[in-house]
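The residues making up each chain are set out below.
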Amino acid sequence: MIFKYYPNDYLCRVLVYKNRMKYAEIEKKLKKAGCYWVRDGKKHPWWYSPITGLEFQLSRHKSQEAKFGTMKSISKDSGVNL
């Protein structure tokens, strides 16, 4: 495999695009790690992570892809590597 040099911002965008996943996949990973649904909020359901002891929000739109910043926030609050 041949690697070409790209500016860092381009490479980051490529890596971010490849790591995206749908909310349904994120939910499966969270359930496998022991996270569970707590309650429905006005806009998003709230989940609890026994790993970090924090509650966090997850989207209801299971067929949509999550953006990188959203995935990073969910990963940080849940303690699960996405």
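Read on for a plain summary of the structure. In this text the structure is predicted, and so the values were computed from the model without any measurement.

**What to know about helix α2 (residues 23-32)**
For α2, the complete set of buried residues consists of Tyr 23, Ile 26, Glu 27 and Leu 30. Axial view of α2: buried residues confined to an arc of 100°, hence all on one face. Exposed and oriented more than 90 degrees from the buried face of α2 are Lys 28 and Lys 32. Buried-residue contacts for α2 involve β2 (45-49), β3 (54-57) and α3 (68-78). Positive backbone phi, approximately 105°, marks Gly 34, located one or two places after α2.

**A look at the packing of α2 against α3**
Between α2 and α3, the least distance of the axes is 12 Å, while the angle of their chain directions is 10°. Relative to α3, the element α2 is oriented roughly parallel. Every residue of α3 that contacts α2 at Tyr 23, Ile 26 and Leu 30 is listed here: Thr 70, Met 71, Ile 74 and Ser 78.

**Some details on the pairing of β3**
As paired strands, β2 and β3 are joined by four bridges and run antiparallel to one another. Paired with Trp 47 across the two strands is Phe 56, which belongs to β3.

**Quick notes on the pairing of strand β1 (residues 36-40)**
In the sheet, β1 pairs with β2 via four bridges, with the strands oriented antiparallel. Within the sheet, the bridge partner assigned to Tyr 36 lies in β2 and is Tyr 48.

Criteria and thresholds
- Residues numbered from 1 in each chain as written.
- Predicted model: local features only at pLDDT ≥ 70, side-chain atom pairs only at ≥ 80, totals over all residues.
- Heavy atoms only, no water.
- Buried < 20%, exposed > 50% of the residue type's maximum accessible area, 1.4 Å probe, protein only.
- Helix = DSSP H or I, 4+ residues; strand = E, 2+ residues; numbered from the N terminus.
- Arc of directions from axis to C-beta.
- Contact = heavy atoms within 4.5 Å.
- Axes fitted to C-alpha atoms, helices over the stretch in contact; angles between N-to-C directions.
- Parallel < 35°, antiparallel > 145°, perpendicular 65-115°, else oblique.
- Pairing = 2+ DSSP bridges.

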